[in-house]
Amino acid sequence: MKKAFLVFIIALLPLFVSAQQLHFGYFSYKAAFAAMPEYATVQSNLADLRAKYEAETKRSEDEFNQDYQEFLEGQKDFAPSILKKRQNELLELMEKNIAFKEESQRLLQQAQDEAYAPLKNKLNQILQIIGKDKGYAFILNTDEDAVPYIDPSMGDDINTIVQGSLK
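Model, not experiment: these values are computed from the prediction. (Residues numbered from 1 in each chain as written. Predicted model: local features only at pLDDT ≥ 70, side-chain atom pairs only at ≥ 80, totals over all residues. Heavy atoms only, no water.)

Caption draft 1: Structural detail: the overall build of the protein chain. Looking only at helices and strands, the protein chain features five helices and three strands. When the helices and strands of the protein chain are read in sequence order from the N terminus, they spell out α-β-α-α-α-β-β-α. Taking all 167 residues of the protein chain together, 28% fall into the buried category. Pairs at least 24 residues apart make up 85% of the contacts formed inside the protein chain by residues separated by at least 6 positions. Surface summary for the protein chain: the accessible area is close to 11,500 Å², and the carbon and sulfur share equals 57%. (Helix = DSSP H or I, 4+ residues; strand = E, 2+ residues; numbered from the N terminus. Buried < 20%, exposed > 50% of the residue type's maximum accessible area, 1.4 Å probe, protein only. Contact = heavy atoms within 4.5 Å. Areas by Shrake-Rupley, 256 points an atom, 1.4 Å probe, with all protein chains shown as cover.)

Caption draft 2: Spatial organisation of the environment of alanine 115. Summarising the element assignment, alanine 115 is placed in helix H4 (residues 80–134). Accessibility expressed as a relative area gives 24% for alanine 115, which makes it partly exposed. For the pair alanine 115 and asparagine 45, spaced 70 residues apart in sequence, the C-alpha to C-alpha distance is 9.0 Å.

Caption draft 3: Quick peek at the pairing of strand S1 (residues 24–27). Neither face of S1 is left uncovered, since the one carrying Phe24 and Tyr26 and the one carrying Gly25 and Phe27 both have all their residues buried. As paired strands, S1 and strand S2 (residues 139–141) are joined by three bridges and run parallel to one another. Its bridge partner lying in S2, phenylalanine 27 is registered against asparagine 141. (Pairing = 2+ DSSP bridges.)

Caption draft 4: Quick look at a nonpolar patch on the surface. On the surface, Leu91, Met94 and Ile98 cluster together to form a nonpolar patch covering roughly 250 Å² of accessible area. With respect to the helices and strands, the residue methionine 94 is situated in helix H4. (Patch = residues over 30% accessible without salt bridge, like charges linked within 9 Å, V, L, I, M, F, W, Y side chains within 5 Å. Salt bridge = Lys/Arg side-chain N within 4 Å of Asp/Glu carboxyl O.)

Caption draft 5: Structural view of the pattern of salt bridges. Going through the model one piece at a time under the given rule, you end up with nine salt bridges. Ionic pairing is found between lysine 30 and glutamate 144, a salt bridge with its closest N-O pair at 3.0 Å. Here lysine 30, found in helix H2 (residues 29–35), pairs with glutamate 144, found in the loop between S2 and strand S3 (155–157); they are 114 residues apart in sequence, far enough to count as distant. Looking at lysine 30, the relative accessible area reads 49%, which means it is partly exposed. With its nearest N and O atoms 2.7 Å apart, the salt bridge here joins glutamate 103 to arginine 106. Taken together, the residues glutamate 103 and arginine 106, both in helix H4 and three residues apart, mark about one turn of the helix.

Caption draft 6: Representation of helix H3 (residues 37–74). The end-to-end C-alpha separation of H3 is 57 Å, in line with the 56 Å expected for 38 residues at 1.5 Å each. When H3 is considered as a whole, its buried residues turn out to be Val42, Leu46, Tyr53, Thr57, Ser60, Phe64, Phe71 and Gly74. Among the structural elements, H4 are those in contact with the buried residues of H3. (Expected span 1.5 Å × (residues − 1).)

Caption draft 7: Structural view of unusual backbone geometry. Residues other than glycine seldom take positive phi values, yet glutamate 144 does so here, at roughly 55°. We classify glutamate 144 as exposed; its relative accessible area is 56%.

See below:
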C-alpha cells in the first residue's frame, strides 16, 4: 500500500513541478529509528523476553525428547493399550510444544509492536516538525530501495537533521 502510494506520488510529481517548484526531504527511517536513545533499551528488553521464551521452548523440547527416548526404550515391553496411551501422550505433548512456540512468536511480535509504538510516534512527530519548518511538500523514506533516484536539487537529505533531533 505504501509503495503504491509512493509510486502514485512520483508519477504525479511532474504535474506538480510544472505548477510550482516542490521541495521535499528524504531519509532512512530504519537508521533514524535505530539512532533513537530509547531504541537500545527496547532492544535489550525484547532480547530478554525472547531469551525467556527460548529457554522455555528448549525446556519443553528437552522434556519431550526425554519422554520420547523412554518410550523408544520401553515400547517393546508395553502392552498394546499402554503403547497406544504413551503414543497419545507424546503426540499431545508435541502439539502443546508447537502451540506454545506459535503463541510465543505471536506474543513476541505483539510485545515488539507495543514497545516500538512510542518510538515511532516520537519519530513521526519529529518528521512533522521538520517538514513544516523546512517547508517540505513531503518527506520520503528511502529504505528498502523505495526511491531509487532522488534529484538533489529538488530534495534534501535530512538524515543528520532527523538524527540530531532525536537526542
